[in-house]
Amino acid sequence: MREGWKKVTLKELSTKIGDGLHGTPKYDDKGEYYFINGNNLINGNILIKSDTKRLNENEYLKIKKDLSDRTILVAINGTLGNIGFYKGEPIALGKSACYINLKNEVDKNYIRYVLEGQHFQKYAYLFATGSTIKNLGLKAVRNYRVNLPPLKTQRKIASILSAYDDLIENNLMRIKLLEERAQLTYEEWFVRFKFPGHETTTFNEETGLPEGWEKVNLKSLCKKITKGTTPTSLKKQFTTEGINFIKAESYSDEGFFKEEKFAFINEETNDLLKRSQLKELDVLVSIAGVLGRVAMVYERILPANTNQAVAIVRVNQSIISPYFIRYFLASEYMNKLINIISGQAAQPNINLTQLGLFFLNKPSKEIINKFHDLAEQIFKTQSEIIKQNQLLKEARDILLPRLMSGMIDVEKLEVGSFKYEVNDSLGMVAEKKK
């Protein structure tokens, strides 16, 4: 260990480590406080979801914990290892959220990266108890040992790693803005009928559509609408690496794949699951659990397969653009339709027959081609940014343990010279993949 570094437990670095309520509070839909659990902790933030339960002030005061700007929250039950900073949000904690109140002489960003590192994440799973729902006890959290350099070095390490996160976050914003542009274009052209040349277009009095447009069902525009299967038998098993296996949680509400969330199957299993082998530009729709989440398959993630909660819409590209179908399925109109259909079932789901019978307005070939060209360019740009982010994440994850162990002497790195660290660690990624 480098001179000036020491090995200490999280208990020694903290004024208090505890968890939230072991029980169920009295909820109040109009309450001003949110009841937070481990699944509300995402990438250093506390995420308030639409289904997050609320509490009134009286209930909150019964179970409140002493949180401050020195508090880091860690998921310790069910979902393990997710991290969030407390930033003054009106929240109370459930038992799956552990709070660590750090002493002033410790850099909280440094500790965040310690906890997000592979060593702590593996430690959390190793020391967790429970066969179905994993639980990491507070004793194990308190006893976790941290390599602690001097405060100045902590801050420098944290600044190097946060530079990666800043780049990743900026890229995510670029992707989101491009996505919003495509969605707005779809709505403008195909919902409000303000497509290029609409000023001189006549409308069919019977259908109310522009001339050359027609109302058709989704099935008539597709080569195939199917769904996947979850491997269950001895011959169909998940593996630690291999062919990507995509679930609804493997991509976001915005339609971007979270490659770190992919499961894997081997080639033998993939061959057995021929029906759901994915192809480039397949459109995926979640049809069970979380409904209506849409994504489009890009070449980078192939070969890939999927499970029964995800429908595969393979468009006949000689008839229609897959990008048009992708944005139709992600449209506000479809969201409302899906909610109506799913609300009529005991278990929210959409079946393939229902999906195929959804009606849409098929535009003229000229307008479809123009939208295809615009959306294709946006999709290619997004794919490149996603690829760049994946490399940045891999580089950061390789660099993190080397910084935390003192293997890399940060004192020799130029202050503010981020280019050096990026190039050096991207080189590590390339070397690792050889």
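Every residue gets a number counted from 1 within its own chain, in the order that chain's sequence is written. Local features in a predicted model are, by the rule used here, given only for residues with pLDDT of at least 70; side-chain atom pairs are given and counted only at 80 or more, and totals for whole chains, interfaces and linings are based on all residues. Note that the side-chain values use all heavy atoms of the structure and ignore hydrogens as well as water.

Could you give me a rundown of the nonpolar core, with the residues and numbers involved?
Only buried residues count toward a nonpolar core, which is a set of Ala, Val, Leu, Ile, Met, Phe, Trp, Tyr and Cys residues joined through side-chain atoms within 4.5 Å. Exposure is judged per residue with a 1.4 Å probe applied to protein chains only, and the accessible area is read against the type maximum: over 50% gives exposed, under 20% gives buried, and values in between give partly exposed. Counting residues in hydrophobic clusters, the biggest one holds 61 residues, and the most contacted among them are Phe257, Ile325 and Leu329. Secondary structure elements are taken from DSSP: a helix is a run of H or I of four residues or more, a strand is a run of E of two residues or more, and numbering for both begins at the N terminus. When contributions to this core are tallied by element, the ones reaching two or more residues are α6 (151-190), β13 (222-227), β17 (283-286), β18 (294-296), β20 (310-315), α8 (322-329), α9 (332-342) and α11 (365-404). Looking at this core element by element, the count peaks at 8 residues for α11. The contacts of Leu329, once residues within four sequence positions are left out, are Leu218, Val283, Val285, Val294, Val313, Met334 and Leu355. Any two residues having at least one pair of non-hydrogen atoms within 4.5 Å are treated as being in contact.

Break down the environment of Asn389 for me, citing the residues and quoting the values.
Mapped onto the fold, Asn389 is located in helix α11. Given a relative accessible area of 4%, Asn389 falls into the buried group. Taking C-alpha positions, Asn389 is 31 Å from Glu268, a pair spaced 121 residues apart along the chain. A distance of 3.3 Å separates a polar atom in the side chain of Asn389 from the backbone oxygen of Ile168. Under the rule applied, a polar contact is a pair of N or O atoms within 3.5 Å (in protein, one hydrogen donor and one hydrogen acceptor; residues adjacent in sequence only if both atoms are side-chain atoms).

I'd love a proper account of unusual backbone geometry, names of residues and values included.
The omega torsion of the bond from Leu302 to Pro303 falls at 0 degrees, within 30 degrees of zero and hence cis. With respect to the helices and strands, Pro303 occurs in the loop between β18 and β19 (304-306). Of note, the phi angle at Leu281 is positive, near 75 degrees, even though the residue is not glycine. With respect to the element layout, Leu281 can be found in the loop between α7 (267-272) and β17. You can call Leu281 buried: its relative accessible area is 16%.

I'd like a rundown of empty space enclosed by the protein, residues and numbers included.
For cavity detection a 1 Å grid was placed over the protein atoms alone, and a set of points counts as a cavity when a 1.4 Å probe fits there but cannot get out; an open set counts as a pocket when protein lies on both sides within 12 Å along at least five of seven lines, with lining residues being those that have an atom within 4 Å of a point. Grid points are joined across faces, edges and corners, and a volume is the space filled by probe spheres set on the points. Here the structure, examined in full by the defined rule, presents 2 cavities of 30 Å³ or more. Put simply, the largest cavity is a space of about 80 Å³. Lining the largest cavity are Glu179, Gly255, Phe256, Met296, Tyr298, Arg326, Tyr327, Phe379, Gln382, Ser383 and Ile386. Considering every element that reaches the lining of the largest cavity, the biggest residue donor is α11, with 4 residues. As a working rule, the residues Ala, Val, Leu, Ile, Met, Phe, Trp, Tyr, Cys and Pro are called nonpolar, Asp, Glu, Lys and Arg charged, and the rest polar, with Gly in that last group. Its residues placed into classes, the lining of the largest cavity shows 6 nonpolar, 3 polar and 2 charged.

Give me the lowdown on the sheet that holds β13, citing residues and values where you can.
Spatially, the 4 strands line up as an open sheet ordered β13-β20-β17-β18, and their pairing is antiparallel. A single partner strand is all that each edge strand has here, and the edge strands are β13 and β18. Averaged over all pairs of adjacent strands, the angle between strand axes in this sheet comes to 20 degrees, irrespective of strand direction. Where β13 lies against β20, 5 bridges are found, and the strand directions are antiparallel. In this scheme, strands are said to pair when DSSP sees at least two bridges between them. With axes taken as lines fitted to C-alpha atoms, and helix axes fitted only over the stretch in contact, angles between N-to-C directions fall between 0 and 180 degrees.

Explain the environment of Lys336 residue by residue, including any values.
Looking at the secondary structure, you find Lys336 in helix α9. Owing to a relative accessible area of 51%, Lys336 belongs among the exposed residues under this scheme. Along the chain, Lys336 and Tyr186 lie 150 residues apart, while their C-alpha atoms are 17 Å from each other.

Just give me the short version of the side chain of Arg314, but keep the residues and values in it.
The topology assignment puts Arg314 in strand β20. For Arg314, the contacting residues outside a window of four places in its chain are Cys222, Lys223, Lys224, Gln277, Leu278, Lys279 and Asp282.

If you had to explain the sheet that holds strand β14 (residues 238-239) to someone new, which residues and values would you point to?
Taking strand neighbours across the sheet as the criterion, the 4 strands line up as β14-β16-β15-β19 in an open arrangement whose pairing is mixed. The open sheet terminates on both sides in strands that have one partner only, identified here as β14 and β19. Relative to strand β16 (residues 263-265), β14 is paired through 2 bridges, and the arrangement is antiparallel. In the sheet register, Thr239 faces β16, and the bridge partner there is Phe264.

Can you lay out the packing of aromatic side chains for me, pointing to particular residues and giving the numbers?
Stacked, edge-to-face and tilted labels apply to pairs of Phe, Tyr and Trp rings (six-membered ring for Trp) whose centres lie within 6.5 Å, assigned for plane angles under 30 degrees, over 60, and everything in between, in that order. Taken as a whole and judged by the stated rule, the model has 24 aromatic pairs. Aromatic pair Phe328 and Tyr333: ring centres 6.3 Å apart, planes at 40 degrees, arrangement tilted. By the criterion adopted, a ring carries a charge over it if an Arg CZ or a Lys NZ lies within 6 Å of its centre and within 35 degrees of its normal. Its end group placed over the ring of Tyr27, Lys53 keeps NZ or CZ at 5.6 Å from the ring centre. In this structure, Lys108 is placed above the aromatic ring of Phe85, and the distance from its NZ or CZ to the ring centre is 5.2 Å.

If you had to explain the pattern of salt bridges to someone new, which residues and values would you point to?
Salt bridges are counted wherever a side-chain nitrogen of Lys or Arg sits within 4 Å of a carboxyl oxygen of Asp or Glu. In total, this model carries 11 salt bridges according to the counting rule given. Salt-bridge contacts for Lys62 lead to Glu59; the nearest nitrogen and oxygen are separated by 3.4 Å. Taken together, the residues span about one helical turn, with Lys62 and Glu59 both in helix α2 (residues 57-63) at a distance of 3 residues. Of the charged contacts in the structure, one is a salt bridge between Glu116 and Arg112, with a shortest N-O distance of 3.1 Å. Taken as a pair, Glu116 and Arg112 lie in helix α3 (residues 108-116) at a separation of 4 residues, close to a single helical turn. Accessibility expressed as a relative area gives 13% for Arg112, which makes it buried. Sharing partners across several salt bridges, the network here consists of Asp165, Arg396 and Asp397.

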